[in-house]
Amino acid sequence: MNTADILILGGGAAGFFTAINAAEANPGSRIIILERGKEVLTKVKVSGGGRCNVTHAEFDPKELTMHYPRGEKELLGPFHHFMTGDTIAWFAERGIALKTESDGRMFPESDSSQTIIDCFLSEADRLGISVLRNHSVKSIQKKSEAWLVVTTEGNFTAQKVVVATGSNTKMWKLLENLNHSIVAPVPSLFTFNIKDIRIDGLQGVATPAHISVLGEQHEIILESEGPLLITHWGMSGPAVLKLSAWGARLLAPMNYAFTIQVNWLAGLSFETTMEDLKSLKKSLNKKLVASHAQFELPKRLWQRLVETSGILEAHTWAEITGEQLTELARQLTLGTFEVNGKSTFKEEFVTAGGIDLKEVNFKTFESRLHEGLFFAGEVLNIDAITGGFNFQNAWTGGYIVARSL
């Protein structure tokens, strides 16, 4: 029987951050991390395309919570105790400087996730934290005053157990055996599969856009705005990813088959666009419509939408009819596309679902059902849009758990 003061299940971002902070807050404690796989910190390694998007440059707790479709209300208090500025300082104290990109995402200056992995491994080593790989948890039970955790490689007892296993359905089943409620998982942060002549061959084209998901009566049931990227399989970019995160529970029952409406001019209405096109028809009457992109649209996208509106390559502005002008305004602001399926965003996979948040005390991240059982990271029903927010949830939860132990 292996005995620990603190047993941490999961060798990922939340698990290591909890362990390191717990070791510093509780000197002399025996802390063990149990990881089911051969490798630890695998998600950290692939995050941000291998650069590790550590956090996001948003320094107001209330504003920061607005990036969490699930967990917004619960994280407000925790963010007042540990948030972005604290994350930056924590890594700086360990010799890792972070840099901010134009969209607010923060990465290590090395542009390598290995920097973060090496930091965690060396800190765990320095603090005497045991990291045991290939330990898949088979059961968790409360035995009198201690916890008994049975793995494929042995039995462990501990006064305190921290579950930081991410979106692991097997672990959720074990927590259900402890009477915790699990909100059924559905994918979040995914891209849209769309086959449509209007975007075929335009992969790599990106532009700000407003996207709406339409209901059966063509009413808007969900919308988002931001950069939209055309890909080989359809559409991606922040506008789509935000929509997928906020609509995770709405889009799953539709089996990811639904209609979206795209306004390629983001801030402009159909009526305003129509007036602008009429003005262009007068001022550019002798110029070819397709040759000069308008509204700051990428040229290839403009040409495709012009072509879709029935305007030929040889047509000048003076030659296009009122009907063609109306169709062009419609394609620019009200074009509909059929989504048929989803794809995982890069190597990052985020799940909406996990432990019901009502069963967790967010002052300590301790279970309301069982004393000495704590949670950190995505094992909870908390998830965020892309941009470093999911990691910030892991750091905040891990830090507060460490202080609570």
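Because the structure is predicted, anything quoted here is derived from the model rather than measured.

### Focus on the pattern of salt bridges
Across all of its chains, the model carries 18 salt bridges by this definition. Salt-bridge contacts for E24 lead to R126; the nearest nitrogen and oxygen are separated by 3.0 Å. With a gap of 102 residues between them, E24 in helix α1 (residues 13-25) and R126 in helix α6 (residues 113-126) connect regions that are remote in the sequence. Overall, E24 belongs to the partly exposed group, its relative accessible area being 32%. By relative accessible area, R126 is classed as exposed at 51%. The closest approach of N and O atoms between D111 and R51, which form a salt bridge, is 3.1 Å. One end of the pair, D111, is in the loop between β5 (105-108) and α6; the other, R51, is in the loop between α2 (42-50) and β3 (55-56), with 60 residues separating them in the sequence. On the accessibility criterion, D111 (32% relative accessible area) is partly exposed. Taken together, the shared-partner salt bridges connect R51, K99, E101, D103, R105 and D111 into one network.

### What to know about α2
Among all positions in α2, only V44, S47 and G48 are buried. Axial view of α2: buried residues confined to an arc of 45°, hence all on one face. On its buried face, α2 sits against α1, β5, α6 and α13 (389-404).

### Considering the sheet that holds strand β4 (residues 98-100)
Within the open sheet, the three strands sit side by side as β3-β5-β4. Their pairing is antiparallel. In this open sheet, the two edge strands, each paired with only one partner strand, are β3 and β4. In this structure, β4 lies alongside β5, joined through three bridges in antiparallel fashion. Within β5, the residue paired with L98 across the bridge is P108.

### A closer look at the packing of aromatic side chains
Summed over the entire model, instances satisfying the criterion amount to 21 aromatic pairs. Chaining the aromatic ring pairs together yields one cluster made of F16, F17, F82, W90, F91, F120, F391, W395 and Y399. The ring centre of F107 lies 3.8 Å from the NZ or CZ of R51, which sits over that ring. Taking NZ or CZ as reference, R94 lies 3.8 Å from the ring centre of W90, over its face.

Thresholds applied
Residues numbered from 1 in each chain as written. Predicted model: local features only at pLDDT ≥ 70, side-chain atom pairs only at ≥ 80, totals over all residues. Heavy atoms only, no water. Salt bridge = Lys/Arg side-chain N within 4 Å of Asp/Glu carboxyl O. Helix = DSSP H or I, 4+ residues; strand = E, 2+ residues; numbered from the N terminus. Buried < 20%, exposed > 50% of the residue type's maximum accessible area, 1.4 Å probe, protein only. Arc of directions from axis to C-beta. Contact = heavy atoms within 4.5 Å. Pairing = 2+ DSSP bridges. Phe/Tyr/Trp six-rings, centres within 6.5 Å; stacked < 30°, edge-to-face > 60°. Lys NZ or Arg CZ within 6 Å of the ring centre and 35° of its normal.

Limitation: the analysis is restricted to geometry and does not speak to function.
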